[in-house]
Amino acid sequence: MTTEPAQAAGGCRSAPYSAKFGMHDPFQMFDGMEDAYFPRSGSYRTTSQCRDIQVKNTGNGGTWGGPFWACVVWVGRATCANGWTYVPPGQWRNLATNVQDGTRFYLFMQTNLGTYEAAYGVGEW
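Calculation notes
Throughout, a residue's number is its position along its own chain's written sequence, starting from 1. Where totals are concerned, whole chains, interfaces and linings use all residues; where local detail is concerned, this predicted model gives features only for residues with pLDDT of at least 70, and gives and counts side-chain atom pairs only at 80 or more. The basis for every side-chain value is the complete set of heavy atoms in the structure, and neither hydrogens nor water enter the calculation. Between any two strands, pairing holds if DSSP finds at least two bridges. Think of it this way: any DSSP run of H or I at least four residues long counts as a helix, any run of E at least two long counts as a strand, and we number them from the N terminus. In this analysis an axis means a line fitted to C-alpha atoms, helices contributing only their contacting stretch, and an angle means the value between N-to-C directions, from 0 to 180 degrees. Note on aromatic pairs: the rings of Phe, Tyr and Trp (six-membered ring only in Trp) are paired at centre separations within 6.5 Å, and the planes decide the class, stacked below 30 degrees, edge-to-face beyond 60, tilted for the rest. Throughout, exposure labels follow a simple rule: accessible area from a 1.4 Å probe, protein chains only, divided by the maximum for the residue type, with under 20% read as buried, over 50% as exposed, and the rest as partly exposed. What we call a nonpolar core is a set of buried Ala, Val, Leu, Ile, Met, Phe, Trp, Tyr and Cys residues that are connected through their side-chain atoms within 4.5 Å. Note that a disulfide, as used here, is simply two cysteine sulfur atoms within 2.5 Å.

1. Some points on the sheet that holds strand 1 (residues 19–24)
- One open sheet holds the four strands; their spatial order is 1-9-4-7, and the pairing between them is antiparallel. Both outer strands of the open sheet, strand 1 and strand 7 (92–96), are each paired with one neighbouring strand and no more. Geometrically, the sheet is characterised by an average inter-axis angle of 25 degrees between neighbouring strands, direction not taken into account.
- In this sheet, strand 9 (residues 118–124) lies alongside strand 1 in antiparallel orientation, the contact comprising six bridges. Across the sheet, residue Phe21 finds its bridge partner in strand 9, namely Gly121.

2. Focus: the packing of aromatic side chains
- Under the criterion given, the structure shown has nine aromatic pairs.
- Aromatic pair Phe105 and Trp125: ring centres 5.0 Å apart, planes at 85 degrees, arrangement edge-to-face. Taken together, the residues Phe105 in strand 8 (residues 104–112) and Trp125 in the segment after strand 9 connect sequence positions 20 residues apart.
- On the accessibility criterion, Phe105 (0% relative accessible area) is buried.
- A relative accessible area of 3% means that Trp125 is categorised as buried.
- Among the aromatic residues, those joined into a cluster by ring pairs are Tyr44, Trp74, Phe105 and Trp125.

3. Quick notes on the nonpolar core
- Residues Ile53, Val55 and Phe68 are the most contacted members of the largest nonpolar core, which totals 21 residues.
- Going through the elements one at a time, strand 1, strand 2 (33–38), strand 4 (53–57), strand 5 (68–74), strand 7 and strand 8 are the ones with two or more residues in this core.

4. Let's talk about the pairing of strand 8
- Summarising the sheet, strand 2 and strand 8 pair through six bridges and their orientation is antiparallel. Paired with Asp35 across the strands is Gln110, a residue of strand 8.
- Pairing analysis gives two bridges linking strand 3 (residues 44–45) to strand 8, with the strands arranged antiparallel. In the sheet register, Tyr44 faces strand 8, and the bridge partner there is Phe105.

5. Considerations on the state of the cysteines
- Scanning the entire structure with this criterion turns up two disulfides.
- Residue Cys12 pairs covalently with Cys50 via a disulfide, S to S 1.8 Å. When the S-S torsion is 120 degrees, as for the bridge of Cys12 with Cys50, the disulfide is right-handed. Of this pair, Cys12 sits in the segment before strand 1 while Cys50 is found in the loop between strand 3 and strand 4, placing the two residues 38 residues apart along the sequence. Each member of the pair, Cys12 together with Cys50, is buried.
- Paired through a disulfide, Cys71 and Cys80 show a sulfur-sulfur distance of 2.0 Å. What sets the handedness of the Cys71 and Cys80 disulfide is the S-S torsion sign, and at about -50 degrees it is left-handed.
- With a relative accessible area of 1%, Cys71 lands in the buried category.

And the structure:
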């Protein structure tokens, strides 16, 4: 058994990523916390590329790249598996660790569209 950290797993946290996601409000219609889920159809499936489900906030912290919260919802379940995780701009966060290959899930994202116009990220699993 290896003790290398998750980010050292072959191909993990390196482009091309498993997914890109984001939400924006160019017309400033929303004021407050808003949720979105990804993918818009179907579900994601974990691979042998990473042992964990990880996301990175690709925003710069400005109006169009604010912080967000993310969580994993397993297919067939109705709530976040491990609660909401805060993901600051430019940072990676693990949402679930040691996930079995082939596990199906959705990614939920939440940000304050009253303060930020958008939030964007990438995921690796």
